[in-house]
Amino acid sequence: MAMRLVLVFLSALLPFSLSQGRDPLAWLYTRQSPGYYYGSVQALTAGGGDCPEECDCPPTFPVAMYCDGRGLTAMPSIPSRIKYLYLQNNAITAVPDSAVVNATNLVWLMMHHNQLRSDAIGTKVFLKLEGLERLYLQHNNLTSIPPNLPRSLRDLRINHNHIEKVTPADLEGMDNLTILYLHDNAVSDMGASLKALKSLTLLDISGNKLTKVPDALPEHLHQLYLESNSIDSLPEGFLGGFTQLQYVRMARNQLTDKGIPANTFNVTGLVELDLSFNKLERIPIVSTTLQHLYLQANQIKEFTLGSFCSIVDVTNFSKLQTLRLDGNEIDRRDIPSESALCLRQASSIEV
């Protein structure tokens with residue numbers, strides 16, 4: 001009977017809610033506005049009465065503290081019980097060593113979209129955060145990676161800063177790191193800094209000032225993003241040492257035919273390859289297992305079917321589904337008739 005009454009109540013609310021452009025069930029899963037929990041949080045005693053006035057500490061999730069978008073210019077006091085700390089979208093400029101002295105249980109620290117400076121981050125800030133797994137520092141004013149990052153990190157996002165150099169010491173011992181976002185900085189040199197990242201599966205270093213592919217890329221990479229750099233050549237066997245790599249994006253570089261060794265991209269396992277907006281004059285040879293190839297806005301003058309199929313018959317064909325060649329020096333008349341057999345799975349060919 002009680003369930004029937006609840007259903008009747010919800011059904012009565014539905015037309016009104018929809019007419020107001022609101023989700024009638026939003027109250028079931030959305031977090032309330034800042035200050036909503038304040039009265040009940042302050043009423044808590046053990047483990048709850050220490051929440052800073054400028055933040056929210058939901059009683060239903062006592063290990064989280066929400067301080068995002070509050071106009072903060074300095075770090076708030078952090079209770080020792082907090083594991084998930086949200087400080088994004090503020091104007092915080094510094095993190096002194098004393099700021100997290102009690103917050104040794106932190107697992108997530110979200111500080112993106114602030115005004116953090118490298119010289120204002122204490123050298124001991126991260127030393128005792130031995131359980132930290134996610135650290136978001138993107139969209140700040142950092143000129144270097146903070147020192148002494150915990151080896152427990154799995155996800156580090158430090159993109160959209162002003163970092164110019166990455167050294168081996170910056171990432172030393174980070175065996176658990178799986179995601180590294182370094183894109184949109186000013187990095188020109190990485191040395192062998194990535195060698196120690198044995199668990200890394202996603203590396204995004206696009207939008208920097210690299211002139212060559214970084215040395216010693218981690219062998220377990222699944223996604224490699226190098227767009228918008230100034231790379232003009234690739235090392236011999238560039239993709240030969242990877243066992244799980246599926247996505248490679250190198251658009252908007254300075255790549256030429258001369259700078260790409262033969263069969264560089266003829267490796268099994270690769271799903272997507274983006275070489276658009278470079279200076280290629282020929283279609284590079286790719287594996288028949290490749291599914292998506294982006295070559296638009298190059299200087300390609302000939303459609304070479306051999307780049308996709310070394311043998312063309314009923315049983316030998318390319319798995320390519322997407323092929324973009326628009327913005328080159330060829331048109332549809334340059335595509336040979338035999339391509340229908342080789343590229344039989346292609347649902348989109350743009351020329």
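Residues numbered from 1 in each chain as written. Predicted model: local features only at pLDDT ≥ 70, side-chain atom pairs only at ≥ 80, totals over all residues. Heavy atoms only, no water.

This part is about empty space enclosed by the protein. Using the criterion set out here, one finds one cavity of 30 Å³ or more in the structure. Reported here for the largest cavity is a volume of approximately 40 Å³. Residue lining of the largest cavity: Val 95, Leu 109, Met 111, Ile 121, Val 125, Phe 126 and Leu 137, and that is the complete set. Residues that form the lining of the largest cavity fall into these classes: seven nonpolar, no polar and no charged. (1 Å grid on protein atoms, 1.4 Å probe; cavity = no way out; pocket = protein on both sides within 12 Å on 5 of 7 lines; lining within 4 Å. Points joined across faces, edges and corners; volume = space filled by probe spheres on them. Nonpolar A, V, L, I, M, F, W, Y, C, P; charged D, E, K, R; others polar.)

Roughly 200 Å³ of internal volume is contained in the largest pocket. In this structure, the largest pocket is lined by 14 residues; those nearest its centre are Ile 260, Arg 282, Ile 283, Pro 284 and Ile 285. Classifying every residue of the lining of the largest pocket gives eight nonpolar, four polar and two charged. By volume, the second largest pocket amounts to about 160 Å³. If you trace the second largest pocket, you find it lined by Phe 126, Leu 127, Asn 148, Leu 149, Pro 150, Arg 151, Ala 169, Asp 170, Leu 171, Glu 172 and Met 174. Split by residue class, the lining of the second largest pocket holds seven nonpolar, one polar and three charged.

Another point: the side chain of Gln 88. Along the chain, the position of Gln 88 falls in the loop between β2 (84-86) and β3 (108-110). Of the residues examined, Gln 88 reaches a relative accessible area of 12% and is grouped as buried. Leaving out residues up to four positions away in the same chain, Gln 88 has contacts with Asp 68, Gly 69, Met 110, Met 111, His 112, His 113 and Asn 114. (Helix = DSSP H or I, 4+ residues; strand = E, 2+ residues; numbered from the N terminus. Buried < 20%, exposed > 50% of the residue type's maximum accessible area, 1.4 Å probe, protein only. Contact = heavy atoms within 4.5 Å.)

In total, this model carries 13 salt bridges according to the counting rule given. Residues Asp 50 and Arg 81 are paired through a salt bridge, measuring 2.4 Å at the closest nitrogen-oxygen approach. A residue pair is termed long-range when its members are at least 10 positions apart, and Asp 50 in the loop between α2 (38-43) and β1 (64-66) and Arg 81 in the loop between β1 and β2 qualify at 31 residues. Asp 257 is the salt-bridge partner of Arg 282, the closest N and O atoms lying 3.9 Å from each other. Placement of the pair is Arg 282 in the loop between β10 (272-274) and β11 (292-294) and Asp 257 in the loop between β9 (247-249) and β10, with a sequence separation of 25 residues. In the salt-bridge network here, residues are joined through shared partners; they are Asp 56, Asp 68 and Arg 70. (Salt bridge = Lys/Arg side-chain N within 4 Å of Asp/Glu carboxyl O.)

Time to look at the UniProt feature "domain: LRRNT" (unreviewed entry) in the protein. UniProt tags residues 50-84 as "domain: LRRNT" (unreviewed entry). Structurally, residues 50-84 is divided into 0% helix and 11% strand, and its ends, taken at the C-alpha atoms, are 15 Å apart. (UniProt positions renumbered as here; feature names shortened; annotations may be inferred.)

Relative to the elements of secondary structure, Asp 170 occurs in the loop between β5 (155-157) and β6 (179-181). Of the side chains with opposite charge, Lys 165 lies nearest to the buried Asp 170, which makes no salt bridge, at 8.7 Å. A polar side-chain atom of Asp 170 sits 2.8 Å from the main-chain amide nitrogen of Thr 167. Beyond its immediate sequence surroundings of up to four residues, Asp 170 is in contact with Ile 145, Leu 149 and Lys 165. (Lys, Arg positive; Asp, Glu negative; His and termini not counted. Polar contact = N/O pair within 3.5 Å; in protein donor to acceptor, adjacent residues only side chain to side chain.)

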